[in-house]
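Read off the chains here:
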Amino acid sequence: MAQQNCLVTNDWICGEYLRTRSQELIDATLQHVGITLASVAIGLAVSLPLALLARRWRFLAGPILGVTTVLYTVPSLAMFSLLLPFFGLSVSLVVTGLVLYSLTVLVRNILAGLQAVPEEARDAAKGMGYGPVRLLWEVELPLALPALLAGVRITTVSTVALTTVGAIVDYGGLGSLILDGLDTTFKAQVLTASVLCVLLAIVADVLLLGLQRLLTPWTRVHRIRTSRAARKAAVAKVAEPA
């Protein structure tokens, strides 16, 4: 009876809300995840060519980075309003806006990763007969993965948060529940949807961190060697006579 009363008394924590609205929560979460995945995937597909252009022709780096930075500074409501004539009130409107926001982080990280590839590695690959495409996919991109995946992690977490803004056009996933809960002062709905949104961001970050560790094992070896060298240097310094 107490659980049923929590809906009537409008408590922040309400088990009855979870039981009676579970399907609504699942649907909103799936929409949230779908929009986030689509936005990050498309953003990555757009950012890679832009980063390659910026590296190949350095005079384009400034304009490309400048435009993506300006796009990131546009308020979300203004962004969706500008895109509205092209996409209407649809999920494409939300995804396109999120893709534009993702470019500034992804382009910068991909470009930084590519620029950090040692020239010796490129020269060795060219000496083995690697062409430009094979050099990019088998040497440069694998070595740039730490920076690239770091950008993907930042973008994914921020996109999980920004997806909630799509509630203004009814395509905000958990954000739609939050907005509806605020309009109706439904405390349990606001809190539950907010907590789920935070959990999504945490889970996504942990999964991507695991993927990064799996795909870049050499970074762990480098950190271990660096740590050992630092410890040896510290021990040697302590052992030095005064």
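First, a word on what this report is: a plain description of the structure on this page. (Residues numbered from 1 in each chain as written. Predicted model: local features only at pLDDT ≥ 70, side-chain atom pairs only at ≥ 80, totals over all residues. Heavy atoms only, no water.)

Details of the overall build of the chain
- Along the backbone of the chain there are eleven helices and zero strands.
- What you see in the chain, going N to C, is helices and strands ordered as α-α-α-α-α-α-α-α-α-α-α.
- Burial statistics for the chain: of 242 residues in total, 37% are counted as buried.
- Within the chain, contacts between residues separated by at least 24 positions form 71% of all contacts whose residues are at least 6 apart in sequence.
- Put simply, the chain shows about 13,900 Å² of open surface, and 69% of that area lies on carbon and sulfur atoms. (Helix = DSSP H or I, 4+ residues; strand = E, 2+ residues; numbered from the N terminus. Buried < 20%, exposed > 50% of the residue type's maximum accessible area, 1.4 Å probe, protein only. Contact = heavy atoms within 4.5 Å. Areas by Shrake-Rupley, 256 points an atom, 1.4 Å probe, with all protein chains shown as cover.)

Section: the layout of surface pockets
- Computed from the structure, the largest pocket encloses a volume of approximately 390 Å³.
- Lining the largest pocket are 15 residues; nearest its centre among them are L52, R55, R56, R122 and E140.
- Going through the elements one at a time, α3 (22-56), α7 (119-127) and α8 (132-162) are the ones with two or more residues in the lining of the largest pocket.
- If you tally residues by element for the lining of the largest pocket, the top one is α3, at five residues.
- Its boundaries defined by the atoms lining it, the second largest pocket holds a volume of some 220 Å³.
- What lines the second largest pocket is simply H32, V33, T36, L37, V40, T156, V160, L200, V203, A204, L207 and L208.
- When residues of the lining of the second largest pocket are traced back to their parent elements, those giving at least two are α3, α8 and α10 (187-215). (1 Å grid on protein atoms, 1.4 Å probe; cavity = no way out; pocket = protein on both sides within 12 Å on 5 of 7 lines; lining within 4 Å. Points joined across faces, edges and corners; volume = space filled by probe spheres on them.)

Observations concerning empty space enclosed by the protein
- Taken as a whole and judged by the stated rule, the model has one cavity of 30 Å³ or more.
- The volume enclosed by the largest cavity comes to roughly 40 Å³.
- In this structure, the largest cavity is lined by Y72, L98, Y101, S102, V105, T155, S158, T159 and L162.
- Classifying every residue of the lining of the largest cavity gives five nonpolar, four polar and no charged. (Nonpolar A, V, L, I, M, F, W, Y, C, P; charged D, E, K, R; others polar.)

Description of helix α6 (residues 91-115)
- Given a rise of 1.5 Å per residue, 25 residues ought to cover 36 Å, and the 36 Å separating the end C-alpha atoms of α6 matches this to within 8%.
- Its axis deflected by about 40 degrees at L103, α6 carries its strongest bend there.
- For α6, the tally of buried residues reaches 18 of 25 residues, placing the bulk of the element in the interior. (Expected span 1.5 Å × (residues − 1). Bend = angle between axes of the 7 residues up to and from the residue.)

As for the nonpolar core
- Of all hydrophobic cores here, the largest spans 21 residues; its most connected members are I110, L114, L141, L148 and V152.
- The element that contributes the greatest number of residues to this core is α8, accounting for seven residues.
- Once you skip the residues sitting within four places of it in the chain, L148 turns out to touch L44, N109, I110 and L141.
- By size, the runner-up hydrophobic cluster in this structure holds 15 residues, among which are C14, V160, A193 and C197. (Core = buried A, V, L, I, M, F, W, Y, C linked by side-chain atoms within 4.5 Å.)

Focus: the side chain of T68
- With respect to the element layout, T68 can be found in helix α4 (residues 61-73).
- Here L65 takes part through its backbone oxygen, which lies 2.9 Å from a polar atom of the side chain of T68.
- Not counting the four nearest positions on each side in its chain, T68 is found in contact with L103, T104 and V107. (Polar contact = N/O pair within 3.5 Å; in protein donor to acceptor, adjacent residues only side chain to side chain.)

Concerning the pattern of salt bridges
- All told, the structure shown has six salt bridges when counted by the stated rule.
- R134 serves as the salt-bridge partner of E138, at 3.2 Å between the closest nitrogen and oxygen. Of this pair, E138 and R134 are both found in helix α8, four residues apart, which corresponds to roughly one turn of the helix.
- Among the salt bridges present, the one from R153 reaches D205, with a minimum N-O distance of 3.0 Å. Highlighted residues: R153 in helix α8 and D205 in helix α10, separated in sequence by 52 residues.
- Among the charged side chains, a salt-bridge network with shared partners connects R55, E119, R122 and E140. (Salt bridge = Lys/Arg side-chain N within 4 Å of Asp/Glu carboxyl O.)

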